[in-house]
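Notes for the structure review
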Amino acid sequence: VIAGLEGGQERATEHTLHKRGHGGIYAIHLFKPFPTTELKGGLRLDKYQSLDPRWTFNGGADQKVGTSTVLRVSLGNNFKPPVLSDLFQKTPFQVPNPHLKPEKSLSFEAGIDHIFADLQAKASLTGFVNKIDHITLPRRLQSGQFQRFNGAKRIAKGAELALAFHPLSSLEGKMALTYTHAR
């Protein structure tokens, strides 16, 4: 089990703007019920000043099939609070929006890894779906300035093909091609 506590404070560069404290506590657990099965799970509680506390989670499983193939699956949620500059900072180019809500998301991914070349290389194929609620987007106002606002739900789907290789035990090279379709 890995557990932790973190805290911090976000401050805007202008003294007339707000500052916001935040903190989080988390625990991540890795469990191997069988030599070929690895289960992972995590839970986190975040508190940002002026926002309600938010619970997030992630969980997943890795199942080894044969001697060189691993099947992976994971599910998790997340949130991202708006930054202070989007909430309060007025500039010649931006109008603040103090009514922005945090983005919330739910993600699922599944994949397969195959190790070959005497453990010197690994090929991976992963598919994913990410549903985002209250996505933060920019819009241009009639004045020509921009303002952030919360959009409706968005869904991003995609796949990634990756190849990692180890020419030396202390060196890893990796290349990946990712296709994402978002609307």
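So, here's what we can say about the structure. (Residues numbered from 1 in each chain as written. Predicted model: local features only at pLDDT ≥ 70, side-chain atom pairs only at ≥ 80, totals over all residues. Heavy atoms only, no water.)

Broken down by element type, the chain carries one helix and 11 strands. Starting at the N terminus, the α and β elements of the chain follow one another as β-β-β-β-β-α-β-β-β-β-β-β. Principal-axis analysis of the C-alpha atoms places the extent of the chain at approximately 60 × 35 × 35 Å. For the chain, buried positions account for 26% of its 183 residues. Taking the contacts inside the chain whose residues are at least 6 apart along the sequence as the reference set, 45% of them involve residues at least 24 apart. For the chain, the centre of its 24 positive side-chain charges and the centre of its 15 negative side-chain charges are spaced 8 Å apart. (Helix = DSSP H or I, 4+ residues; strand = E, 2+ residues; numbered from the N terminus. Buried < 20%, exposed > 50% of the residue type's maximum accessible area, 1.4 Å probe, protein only. Contact = heavy atoms within 4.5 Å. Lys, Arg positive; Asp, Glu negative; His and termini not counted. Charge placed at Lys NZ, Arg CZ, Asp CG, Glu CD.)

Evaluated as defined, the whole model comprises seven salt bridges. Among the salt bridges present, the one from Asp-113 reaches Arg-72, with a minimum N-O distance of 3.0 Å. In this pair, Asp-113 is assigned in strand β6 (residues 103-116) and Arg-72 in strand β5 (residues 69-80), connecting sequence segments 41 residues apart. The buried category is assigned to Arg-72, whose relative accessible area is 17%. Of the charged contacts in the structure, one is a salt bridge between Arg-148 and Asp-86, with a shortest N-O distance of 3.5 Å. One end of the pair, Arg-148, is in strand β9 (residues 146-150); the other, Asp-86, is in helix α1 (residues 84-88), and 62 residues separate them in sequence. (Salt bridge = Lys/Arg side-chain N within 4 Å of Asp/Glu carboxyl O.)

Unlike most non-glycine residues, Ala-117 shows phi in positive territory, near 60°. Position of Ala-117 relative to the elements: it lies in the loop between β6 and β7 (121-133). In the Ramachandran plot, His-134 falls in the positive-phi region, its phi being about 65° despite a non-glycine side chain. In this fold, His-134 is placed in the loop between β7 and β8 (136-140).

Taken together, nine strands build an open sheet; the order of strands is β1-β2-β3-β4-β5-β6-β7-β10-β11 and the sheet is antiparallel. Edge positions in the sheet fall to β1 (2-11) and β11 (171-182), since each has one partner strand and no second. Neighbour-to-neighbour, the strand axes of the sheet open up by a mean angle of 15°, direction not taken into account. Sheet topology places strand β2 (residues 19-34) next to strand β3 (residues 37-48); 11 bridges connect them, and they run antiparallel. Counterpart to Ile-28 in the pairing with β3 is Gly-42. (Pairing = 2+ DSSP bridges. Axes fitted to C-alpha atoms, helices over the stretch in contact; angles between N-to-C directions.)

Moving on to a nonpolar patch on the surface. Where nonpolar side chains cluster on the molecular surface, the patch consists of Leu-43, Trp-55, Phe-57, Val-73, Leu-75, Leu-106, Phe-108 and Val-129 and spans about 690 Å² of accessible area. Elements with a minimum of two residues in the nonpolar patch: β4 (54-65), β5 and β6. Relative to the elements of secondary structure, Trp-55 occurs in strand β4. (Patch = residues over 30% accessible without salt bridge, like charges linked within 9 Å, V, L, I, M, F, W, Y side chains within 5 Å. Areas by Shrake-Rupley, 256 points an atom, 1.4 Å probe, with all protein chains shown as cover.)

A few words now on the pairing of β7. Two strands pair when backbone bridges link them, and β6 and β7 are joined in this way by 13 bridges, in the antiparallel orientation. Bridging from a neighbouring strand, Glu-109 pairs with Phe-128 of β7. Linking β6 to β7, which pair antiparallel, is a turn of four residues; within it Ala-117 sits at a positive phi near 60°. Relative to strand β10 (residues 154-168), β7 runs antiparallel, the two being bridged by 12 bridges. In the sheet register, Lys-131 faces β10, and the bridge partner there is Ile-155.

With that out of the way, let us pick up the environment of Gln-147. Among the structural elements, Gln-147 can be located in strand β9. For Gln-147, a relative accessible area of 14% corresponds to the buried category. When the C-alpha atoms of Gln-147 and Val-95 are compared, they prove to be 5.1 Å apart, with 52 residues separating the residues in sequence. Once residues within four sequence positions are removed from consideration, Gln-147 is found in contact with Val-95, Pro-96, Asn-97, Leu-137, Pro-138, Arg-139 and Leu-141. Of the polar contacts made by the side chain of Gln-147, one reaches the backbone oxygen of Pro-96; its length is 2.9 Å. (Polar contact = N/O pair within 3.5 Å; in protein donor to acceptor, adjacent residues only side chain to side chain.)

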